[in-house]
Amino acid sequence: MIRHLVTFALDGFASPEEAQAHLQHIKIALEALPKTIPALKTMMVFPNENPAESVGFLLEAHLETWEDLPLYAQHPDHINIVKELIAPYKIGRACVDFVV
């Protein structure tokens, strides 16, 4: 099994409340992806609850094989979420992929 961990730093919100509401929207959208992307076994999103940190959220996805990673990453449903909800606010991203 492949574990795909990604952190995102986001900026550009009018208030901390707006940022938290947007993070919840991201969480709901991303966690629904296993229903439409067969290669994606699970998806969990953890908004950062520590306001002193710059990372906005952690994404944890599980896939069966390395070949499944681009099937998930390039899927139109995933791309739409990234374009609409993440990219306009993204100021940083870090990713770690490994076999479990």
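Structural notes, computed from the coordinates. Note that the structure is predicted; figures quoted are calculated from it, not measured.

On to the pairing of strand 3 (residues 57-63). Most of strand 3 sits inside the fold, with six of its seven residues counted as buried. Bridge count between strand 1 (residues 2-10) and strand 3: seven bridges; the pairing is antiparallel. Its bridge partner being in strand 3, Leu 5 is matched across the sheet by Glu 60. Bridging between strand 2 (residues 40-47) and strand 3 involves seven bridges; their strand directions are antiparallel. Among the inter-strand pairings, Thr 42 is bridged to a residue of strand 3, identified as His 62.

The next thing to look at is the environment of His 4. You can see His 4 is positioned in strand 1. His 4 gets classed as buried once you look at its relative accessible area, which sits at 7%. Each C-alpha atom of the pair His 4 and Glu 53 lies 21 Å from the other, and the pair is 49 residues apart in sequence. What His 4 contacts, discounting residues up to four positions off in sequence, is Leu 59, Glu 60, Ala 61, Leu 63, Leu 69, Tyr 72, Arg 93, Cys 95, Val 96 and Asp 97.

So, on to a nonpolar patch on the surface. Taken together, the side chains of Met 1, Val 96, Phe 98 and Val 100 define a hydrophobic patch exposed on the protein surface, amounting to about 340 Å² of accessible area. Following the sequence through the fold, Met 1 ends up in the segment before strand 1. Looking at Met 1, the relative accessible area reads 38%, which means it is partly exposed.

The next subject is the sheet that holds strand 3. Working definition: the strands of a sheet are paired by backbone hydrogen bonds and lie parallel or antiparallel to each other. If you trace the four strands from one edge of the open sheet to the other, you get 2-3-1-4, paired in antiparallel fashion. With partners counted over all chains shown, the strands left at the sheet margins are strand 2 and strand 4 (90-99), one partner each. Sheet twist, expressed as the mean angle between neighbouring strand axes with direction ignored, is 15 degrees. In this structure, strand 1 lies alongside strand 4, joined through nine bridges in antiparallel fashion.

In this section: the environment of Glu 31. Structurally, the position occupied by Glu 31 is in helix 1 (residues 16-31). Sequence spacing of Glu 31 and Val 45 is 14 residues, and the spatial spacing of their C-alpha atoms is 6.8 Å. Beyond its immediate sequence surroundings of up to four residues, Glu 31 is in contact with Met 43, Met 44 and Val 45. A polar side-chain atom of Glu 31 sits 2.9 Å from a polar atom in the side chain of Lys 27. In terms of polar contacts, Glu 31 uses its side chain to reach the backbone amide nitrogen of Val 45, at 2.8 Å.

Here is what the cut-offs are and how they apply
Residues numbered from 1 in each chain as written. Predicted model: local features only at pLDDT ≥ 70, side-chain atom pairs only at ≥ 80, totals over all residues. Heavy atoms only, no water. Buried < 20%, exposed > 50% of the residue type's maximum accessible area, 1.4 Å probe, protein only. Helix = DSSP H or I, 4+ residues; strand = E, 2+ residues; numbered from the N terminus. Pairing = 2+ DSSP bridges. Contact = heavy atoms within 4.5 Å. Patch = residues over 30% accessible without salt bridge, like charges linked within 9 Å, V, L, I, M, F, W, Y side chains within 5 Å. Areas by Shrake-Rupley, 256 points an atom, 1.4 Å probe, with all protein chains shown as cover. Salt bridge = Lys/Arg side-chain N within 4 Å of Asp/Glu carboxyl O. Axes fitted to C-alpha atoms, helices over the stretch in contact; angles between N-to-C directions. Polar contact = N/O pair within 3.5 Å; in protein donor to acceptor, adjacent residues only side chain to side chain.

Everything listed here is a matter of geometry and, on its own, says nothing about what the molecule does.
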